[in-house]
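Each chain, written out:
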Amino acid sequence: MNELRYVYAVTRPFDGPLAEELRGVAATRPYVLHHDDLVAVVSAVPADDFDEIPLRAHLEELDWLTETAQAHQAVVAALTSLSCPLPLRLATVCRDDGGVRRLLDADHDRFVRTLDRLDGRVEWGVKVYAEAPEPSREAPAPASAPAAGSTGRDYLRRRLQERRADEGIWERADVVSRRLHEELSRHAEADRLHRPQQAQLSGAAGHNVLNAAYLVPREESAAFVEGLDELRPQEPGIRVELTGPWAPYSFTGEEGDR
């Protein structure tokens, strides 16, 4: 079977082997490829799925894309316990081991600068959601359709009230998000604001108002988490989620490249 090379991450040489049970994309076993002062973590993957034309088709398939992204993340997460990896873009594929070495040569200086900048640091993710309030037992049912005996004006009035209630929560969540981001940025070496996630893709409840990432020295992570807990709002309808620590995916590009 014709095989290509899937590259997960670049890092410096590290002690210790990859876990025997670790599996990457297409259920393949990753291995370490040394080249000069850098290391690439790689899997041999089938060309039938990862050559240019089939790969382009797969990237339009949500289930395949989700499974591949999860496998990619699993390998990078395993690396994070052994080194400070520089994750590469999803579906970075080379023809063979020689192609991986050429990739390391071509981007050597950028890889080294980025690894120096990220050494000893992790990424924390913070998301803020605005959630529509649950109706109380006394409250009328949502005005999805005019109730029997009501006028069109009554129906429109209820719809307007519901809309204003939702907008009020979103506005409060926006204020909370701005305050959180301002404070958390002071305790991080760098931050990135990502596009809010769509509920139908993420599966998370509520309207995503803030989707941010923060670069934090590993030894300062506990203080960062404690600081978020102190800032966490107590008002109903606003939910704050913390994820991490991750490899610093959001900070792999240099400022000039972004």
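Residues numbered from 1 in each chain as written. Predicted model: local features only at pLDDT ≥ 70, side-chain atom pairs only at ≥ 80, totals over all residues. Heavy atoms only, no water.

S.K.: Could you give me a rundown of the pattern of salt bridges, with the residues and numbers involved?
M.R.: Under the definition given, this model contains 14 salt bridges. Between aspartate 97 and arginine 5 there is a salt bridge; the shortest N-O distance is 2.9 Å. Residue aspartate 97 is located in helix α4 (residues 97-106), and its partner arginine 5 is located in strand β1 (residues 3-11); the two are separated by 92 residues in the primary sequence. In this structure arginine 5 comes out as buried when scored by relative accessible area, which is 16%. With a closest N to O distance of 2.9 Å, arginine 178 and aspartate 174 form a salt bridge. One end of the pair, arginine 178, and the other, aspartate 174, are both in helix α6 (residues 152-186), four residues apart, so they sit about a helical turn from each other. Because the salt bridges share partners, they merge into one network encompassing Glu131, Arg239 and Glu241. (Salt bridge = Lys/Arg side-chain N within 4 Å of Asp/Glu carboxyl O. Helix = DSSP H or I, 4+ residues; strand = E, 2+ residues; numbered from the N terminus. Buried < 20%, exposed > 50% of the residue type's maximum accessible area, 1.4 Å probe, protein only.)

S.K.: Quick rundown of the packing of aromatic side chains? Include the residues and the values.
M.R.: Tallying each qualifying case throughout the model produces four aromatic pairs. Here phenylalanine 50 and tryptophan 64 contribute two aromatic rings whose centre-to-centre distance is 5.6 Å and whose plane-to-plane angle is 50°, an arrangement assigned as tilted. With a gap of 14 residues between them, phenylalanine 50 in helix α1 (residues 47-50) and tryptophan 64 in helix α3 (residues 62-80) connect regions that are remote in the sequence. There is no split in this pair, since phenylalanine 50 and tryptophan 64 are both buried. Through a chain of ring-to-ring contacts, three or more aromatic side chains come together here, namely Tyr6, Tyr8, Phe50 and Trp64. Here the basic side chain of arginine 239 rests over the ring of tyrosine 129, its NZ or CZ set 4.2 Å away from the ring centre. (Phe/Tyr/Trp six-rings, centres within 6.5 Å; stacked < 30°, edge-to-face > 60°. Lys NZ or Arg CZ within 6 Å of the ring centre and 35° of its normal.)

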